[in-house]
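What follows is the residue order along each chain.
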Amino acid sequence: MANEQTHPCADLAPGDTLPSWSVTAVNDARDSGNPIHEDDGAQRYGFGAGLVAGVTTFGYLLHPVVAALGSDFLRDGTSSIRLRSPVYAGEVLTVTARLAARDAGGLRFELEVRNPQQALCAVGAAQWPAPVLAGTPLPPNAPLPSTRRAATPEALRAAPVLGTLQVTQSAEEARQFADAAADKLDAYAGLVHPAWLLRQANILVDRSVAVGAWVHTASEVQHLGTAQAGETVTVRGQVVALFERKGHDYADIDVFIEARQPLMRVRHTAIFRMAS
């Protein structure tokens, strides 16, 4: 653990807030193959336009905390996001972080993202340093399937282990990603962005399951380390829970991301089959 007294949060008391951040939302998932990020596809399900990806909003949500704590947080912190209402391209979002508690367990923040109408688009939490968590078995390695399984509870229950994905983001790609996110924090210099890492959980689903329009709704993230741009990142996962709500079929997916060292452990929740 880094010396907490050297951080900008050293003088914060519970109830105090970090500097807020405003950012213009970008829909960087239009070419993902998921119709929910395209205007026509999203409008079929009652949305006004293509949705900005939840993983993109996750990156926005982290900004005030990473600005304050730096890369220490990315090596030994936890965060969560729950998507509450749609985020659309071009909206100017305001991100706030309030210190909820400061005790022997460290610093705990409550996070919010609001749109120009002050609608609550996402809520989250962050803690540094990370609490000690009981170890659970990691998702196993498995080859990416030549034929993706059906997006049904029965198919996912019968074959819960997803394929293993390997991917690399070059230094130029990392710079372009940070530019698109308007997120040029010194803490991210030379590193792949945590939102890009979380995006790989979505890609793992796309490569393993024949989903149509689907929606990422929440993630719980344990930050375990950082990866340099150009490193090969390995992503593996398995479905650990299936449930239905308001006619939608949901899955909780346990995802482990590593390079030369562990990077993230994620509980990723998504609607994999939307009510018609």
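Small disclaimer: the values here were computed from a predicted structure and weren't measured.

Draft legend 1. Spatial organisation of the environment of L198. Along the polypeptide, L198 turns up in helix α6 (residues 194-208). Setting aside chain neighbours within four positions, we find L198 in contact with V55, F58, H216, S219, V221, M264, V266 and H268.

Draft legend 2. Region of the structure containing unusual backbone geometry. Going from W128 to P129, the amide bond is cis rather than trans, its omega being -10°. Examined against the element boundaries, P129 turns out to sit in the loop between β5 (120-128) and β6 (149-150). With phi around 70°, Q118 is a residue other than glycine that occupies positive phi space. Here Q118 shows up in the loop between β4 (106-114) and β5. Residue classification places Q118 among the partly exposed positions, given a relative accessible area of 47%. The phi torsion at A182 lies on the positive side, around 50°, for a residue other than glycine. On the basis of relative accessible area, A182 is assigned to the partly exposed category, the value being 44%.

Definitions and cut-offs
- In every chain, residue numbers begin from 1 and rise along the written sequence.
- Whole-chain, interface and lining totals are the exception, using all residues; otherwise, since this is a predicted model, local features are given only for residues with pLDDT of at least 70 and side-chain atom pairs are given and counted only at 80 or more.
- Processing note: side-chain calculations cover all non-hydrogen atoms of the structure and skip hydrogens and water entirely.
- What counts as a helix is a DSSP run of H or I of at least four residues, what counts as a strand is a run of E of at least two, and both are numbered from the N terminus.
- The contact criterion used is simple: two residues touch if any of their non-hydrogen atoms lie within 4.5 Å.
- A simple rule labels every residue: compare its accessible area, found with a 1.4 Å probe on the protein chains alone, to the largest value its type can have, and call it buried under 20%, exposed over 50%, or partly exposed in between.

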